[in-house]
Structure formats: C-alpha cells, structure tokens
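# Understanding the architecture of this molecule
What follows is the residue order along each chain.
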Amino acid sequence: MIARTFHDRVIAPSLLAADFSKVGEETTRAINAGADWLHLDVMDGHFVDNISFGPAMVQTIHESNDIFLDVHLMISRPDHYLPRFIAAGSDCITVHVEAEHDVAETLERIREAGCLAGLALNPATPFEQAVPFLGMIDLLLCMTVVPGFGGQPFMESVMPKVSAAAAYRKEKGLTYHIEVDGGISTATASLAYAAGANVMVAGSTTFGVKDMKAAITAIREA
Ligand code: DX5
Ligand code: ZN
C-alpha cells in the first residue's frame, strides 16, 4: 500500500456501482484501470434507506485482490460491527458523526487496529460537528449526496464545507485527506479539487462506464 498524503489525488471507485455477479473480476478491472483505492459502501438499511453488503464482502475482496480498501460504514452502530470490519481486512474505516456511537472512542479503536480512521458528514451536517474529532482522523468524508444510493446529482452546496475543512487543516497543521462521495464526474471533481478535496469516490462514472481507465484518468486530471 503506497502511503498517500492529502497532496496526492486519489481515485476510489465505489463497488456499489459494480456488477455484483462478478465482484472479483470487477475489482481486478478497477485495479487495471488505475484505481488507487476501492470504496466499499456498507449500508445497514437503518442509518440509510438501503442495504448493500457486510464484512464478508470486504473479506472476499481482501483475499482476492491487493488494493487499498476504503470502507464507508453507513450504519447506525459502527462501534458494534467494528471488530468484524477490521478482521475482514479494511485499510481505512470511515464512520458517520451522525451515527449512534461514541465517535471519539470508535475513531481511537480504528487507529489502534492499525487502520486509517475516517469521519463522514452528511450534506446537512455542519462542519462544526466534526471539529472536536479532526485531530484524531486520517480522512474527512464530506458526502456530496444524501447517502443510500448511487447515481444521484452532486450537491455543489457542500463545497464551502470542503473549503472550511481544508482551511482548518492548514491553520492547525493537520494532515487528514478530504474525500467527497456522490455525483463525482470530471466536471464535479474539478469543483471538489478546487475546494480542497483530494480523494474522489465515484461509482456510476467509473464502474458504470465501458472504458473505466479513461474515466479514472479523466477524473484524476480534472
Ligand atoms: C451513497 C454512495 C454513493 C456511491 C457513489 O451512499 O456512497 O455516493 O458511493 O455513487 P455515484 O458515484 O454513482 O454517485
Ligand atoms: Zn461511500
């Protein structure tokens, strides 16, 4: 795993948009297309109004491919399921500030396990709600759609939050990545880069297109 800093542009295709009948091949396709990370959208049908997959999927991919697994837990009790996602081989585990857990404790446990710790904010959640935790994370995920489904339109109204996160990081000398997730294309990626994000999660514009390599290159160069 190549250590990347927030100065690096990172492209993380979301498996949510892949063909679930051939997950192994799809993961290999993403690697060959130049993906840096694989974004795994875990949904529990409670925190979000959809159900996707659990630790078994993370484990399957971890055992069949060698790519950095960026696990996004859209679940109400990330503290309860954390051991299983750690054991499954997650490289980064991102939890929602809005979920029902002791956020600081969960983030600490993720790092203790040797994983990168990520904190996610829904579009409606103000940046201020993340501030108490910014010193204990490796990644801040600013959702650019309401979580639950791929293929939704990008919410440009989230960009001031991305800029605030980048400004705060500079002011405090912190080093967390800023990730955006939802509606990312070359056009919206350039807005997100300009605001200060460096990790682009994209599903329908990567797994959802024929020439994934061209798509990933275009988003990286946006
Ligand atoms: C929402 C998911 C989606 C997905 C990306 O809960 O997190 O944002 O990863 O989907 P697209 O790229 O199709 O918006
Ligand atoms: Zn996600």
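This write-up is about the structure you can find in this document. (Residues numbered from 1 in each chain as written. Chains lettered and ligands numbered in written order. Predicted model: local features only at pLDDT ≥ 70, side-chain atom pairs only at ≥ 80, totals over all residues. Heavy atoms only, no water.)

What follows concerns a negative patch on the surface. There is a patch of like negative charges on the surface, built from Asp102, Glu105, Glu108 and Glu112. As for its placement among the helices and strands, Glu108 is situated in helix H4 (residues 103-112). For Glu108, a relative accessible area of 48% corresponds to the partly exposed category. (Patch = residues over 30% accessible without salt bridge, like charges linked within 9 Å, V, L, I, M, F, W, Y side chains within 5 Å. Areas by Shrake-Rupley, 256 points an atom, 1.4 Å probe, with all protein chains shown as cover. Salt bridge = Lys/Arg side-chain N within 4 Å of Asp/Glu carboxyl O. Lys, Arg positive; Asp, Glu negative; His and termini not counted. Charge placed at Lys NZ, Arg CZ, Asp CG, Glu CD. Helix = DSSP H or I, 4+ residues; strand = E, 2+ residues; numbered from the N terminus. Buried < 20%, exposed > 50% of the residue type's maximum accessible area, 1.4 Å probe, protein only.)

A word on the packing of aromatic side chains. A complete count under the given rule lists three aromatic pairs for this structure. Plain terms: the ring middles of Phe127 and Tyr168 are 5.9 Å apart, the flat faces sit at 70° to each other, and that makes the pair edge-to-face. Of the two residues, Phe127 sits in the loop between strand E5 (116-121) and strand E6 (139-143) while Tyr168 sits in helix H5 (residues 159-172), which places them 41 residues apart along the sequence. Overall, the relative accessible area of 8% leaves Phe127 in the buried class. The class of Tyr168 is buried, set by a relative accessible area of 19%. Lying across the ring of Tyr193, Arg9 places its NZ or CZ 3.4 Å from the centre. One Lys or Arg, Arg169, reaches over the ring of Phe6 and ends 3.7 Å from the middle of that ring. (Phe/Tyr/Trp six-rings, centres within 6.5 Å; stacked < 30°, edge-to-face > 60°. Lys NZ or Arg CZ within 6 Å of the ring centre and 35° of its normal.)

The subject of this paragraph is the site of ligand 1. Around ligand 1, the structure places 17 residues, and the nearest of them are Asp41, Gly148, Asp181, Gly203 and Ser204. Take Gly148: an N or O atom from its main chain is 2.7 Å from an oxygen atom of ligand 1. Between ligand 1 and Ser204, the relevant distance is 2.5 Å, taken from an oxygen atom to a side-chain nitrogen or oxygen of the residue. Protein chains shield 99% of the accessible area of ligand 1, which is 370 Å² for the free molecule. The set of elements that each furnish at least two residues to the shell around ligand 1 consists of strand E2 (37-43) and strand E8 (199-202). Partitioned by chemical class, the residues of the shell around ligand 1 number seven nonpolar, eight polar and two charged. (Near = heavy atom within 4 Å. Polar contact = N/O pair within 3.5 Å; in protein donor to acceptor, adjacent residues only side chain to side chain. Nonpolar A, V, L, I, M, F, W, Y, C, P; charged D, E, K, R; others polar.)

Our next topic: the coordination of the zinc ion (ligand 2). Four donors placed tetrahedrally about a metal ideally form angles of 109.5 degrees, and six donors placed octahedrally ideally form angles of 90 or 180 degrees. Around the zinc ion (ligand 2), the donor atoms from the protein are His39 (NE2), Asp41 (OD), His72 (ND1) and Asp181 (OD), and they sit 1.9 to 2.2 Å away. All donors of the zinc ion (ligand 2) belong to a single chain; written as a sequence motif, their spacing is H-x1-D-x30-H-x108-D. A residue pair is termed long-range when its members are at least 10 positions apart, and His72 in strand E3 (residues 68-74) and Asp181 in strand E7 (residues 177-181) qualify at 109 residues. For the pair His72 and Asp181, one class covers both residues: buried. (Donors = N, O, S within 2.8 Å, 3.2 Å for Na, K, Ca; no water.)

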